[in-house]
Amino acid sequence: MDICSKDLKLLVRQAKKGSASAFSALYEEIHMDLYRFALYIMKQPQDAEDAVSDAVVIAFEKMKSLKKPEAFKNWMFQILVNCCRKKLKIQEQIEEIQETAKEGMEADPEISVSLREALAQLTDEERMIIALAVLGGYKSSEIGAQLGIPAATVRSKQHRGLQKMKAFLGEEDEA
């Protein structure tokens, strides 16, 4: 970092108090290094940008947990590493689900068209949760751990997604 030690400590202290401009000055010093690293790991510019963006949001929210001002750059990189790992894991899961679904769809093309249309009605998160539960056989606690959300949230999003699919397919419960 080109910021002198005194300025770094001041900016970190201000950022810890919630100063967005101080955090922005700290980020400005390392943003290209973060992006280059994320691009190397993620391979695609959009995925790298998403990972850096997620890391910046997390870092800003957790700025108070930074112990040593001089460790800011290393701390940011560790957050970015974790964001990249999470995104890569999710991408792997999506690819596995798509492969499994593709195999199932080849068996019965009529069902596959309706299923694809019903799945298209869902948000990305609902689609992933349902795919992990139905195709992957994962429990809500396992899905929650993978996605970083509570198991109860997984269950409610899964239920909501399935209801959307049933309504789309004309199989809505008549309760």
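Our subject is the structure listed above.
Reading guide: rules and limits
- Residues numbered from 1 in each chain as written.
- Predicted model: local features only at pLDDT ≥ 70, side-chain atom pairs only at ≥ 80, totals over all residues.
- Heavy atoms only, no water.
- Axes fitted to C-alpha atoms, helices over the stretch in contact; angles between N-to-C directions.
- Helix = DSSP H or I, 4+ residues; strand = E, 2+ residues; numbered from the N terminus.
- Left-handed = near helix turned anticlockwise from the far one by under 90°.
- Contact = heavy atoms within 4.5 Å.
- Nonpolar A, V, L, I, M, F, W, Y, C, P; charged D, E, K, R; others polar.
- Core = buried A, V, L, I, M, F, W, Y, C linked by side-chain atoms within 4.5 Å.
- Buried < 20%, exposed > 50% of the residue type's maximum accessible area, 1.4 Å probe, protein only.
- Phe/Tyr/Trp six-rings, centres within 6.5 Å; stacked < 30°, edge-to-face > 60°.
- Lys NZ or Arg CZ within 6 Å of the ring centre and 35° of its normal.
- Expected span 1.5 Å × (residues − 1).
- Arc of directions from axis to C-beta.

Chemist: Looking at this structure, I do not really get the packing of helix H2 (residues 20-42) against helix H3 (residues 45-61). What am I missing?
Modeler: For any two helices packed against each other, one specifies the crossing angle of their axes together with the interaxial distance. Where H2 contacts H3, the two axes come as close as 9 Å, and the packing angle between them is 145 degrees. The interaxial crossing formed by H2 with H3 has right-handed handedness. The residues of H3 that touch H2, namely those facing Ala 20, Phe 23, Tyr 27, Leu 34, Tyr 35, Ala 38, Leu 39 and Met 42, are Pro 45, Asp 47, Ala 48, Glu 49, Ala 51, Val 52, Val 56, Ala 59 and Phe 60. Of the residues contributing to the contact of H2 with H3, the split by class is 15 nonpolar, no polar and two charged.

Chemist: Sorry if this is basic, but what is going on with the nonpolar core here?
Modeler: What tends to happen in soluble globular proteins is that the nonpolar side chains get buried as a cluster. In this structure, Phe 23, Leu 26, Met 63, Phe 72, Trp 75, Met 76 and Leu 80 are the most contacted members of the largest nonpolar core, which totals 28 residues. For this core, the secondary-structure elements that each account for two or more residues are helix H1 (5-16), H2, H3 and helix H4 (72-107). The dominant element in this core, judged by the number of residues it contributes, is H4, at eight residues. The contacts of Met 63, once residues within four sequence positions are left out, are Val 12, Ala 15, Lys 16, Phe 23, Leu 26, Phe 72 and Trp 75.

Chemist: Just checking my understanding: could you explain the side chain of Ser 140 for this structure?
Modeler: With respect to the secondary-structure elements, Ser 140 resides in helix H7 (residues 140-147). Residue classification places Ser 140 among the buried residues on the basis of a relative accessible area of 17%. In this structure, Ser 140 is in contact with Ala 151, Val 154 and Arg 155, ignoring residues within four places of it in sequence.

Chemist: I'm lost on the environment of Glu 49 in this one. Help?
Modeler: Of note, Glu 49 is situated in helix H3. For Glu 49 and Leu 34, which are 15 residues apart along the polypeptide, the C-alpha to C-alpha distance reads 9.4 Å.

Chemist: Honestly, the packing of aromatic side chains in this entry has me stumped. Any pointers?
Modeler: The geometry of an aromatic ring pair is captured by the separation of the ring centres together with the interplanar angle, meaning the angle of the planes. Counted by the stated rule, this structure contains four aromatic pairs. Seen in terms of ring centroids, Phe 37 and Phe 77 are 5.6 Å apart; in terms of plane orientation they differ by 75 degrees. Their pairing is edge-to-face. Here the residue Phe 37 occupies a position in helix H2, and Phe 77 occupies one in helix H4, the gap between them amounting to 40 residues. Cluster of aromatic residues (ring-pair linked, three or more members): Phe 23, Phe 60, Phe 72 and Trp 75. Seen from the ring of Tyr 40, Lys 43 lies directly overhead, with NZ or CZ sitting 5.4 Å from the centre.

Chemist: Can you help me understand H3 in this one?
Modeler: Helical geometry: 3.6 residues make up each α-helical turn, so side chains three or four residues apart lie on a common side. Helix length check: H3, at 17 residues, gives a terminal C-alpha distance of 24 Å against a target of 24 Å (1.5 Å per residue), a fit within 8%. Looking at H3, one finds that the buried residues are Ala 48, Ala 51, Val 52, Ala 55, Val 56 and Ala 59. In a view along the axis of H3, the buried residues occupy a sector of 135 degrees, so they form one face of it.

Chemist: What exactly am I supposed to notice about the environment of Ala 51 here?
Modeler: Within the secondary structure, Ala 51 sits in helix H3. For the pair Ala 51 and Ala 38, spaced 13 residues apart in sequence, the C-alpha to C-alpha distance is 6.8 Å. Ala 51 has contacts with Ala 38, Met 42, Leu 80, Cys 83, Cys 84 and Lys 87, leaving out every residue within four places of it along the chain.

The values are spatial; any link to function lies outside them.
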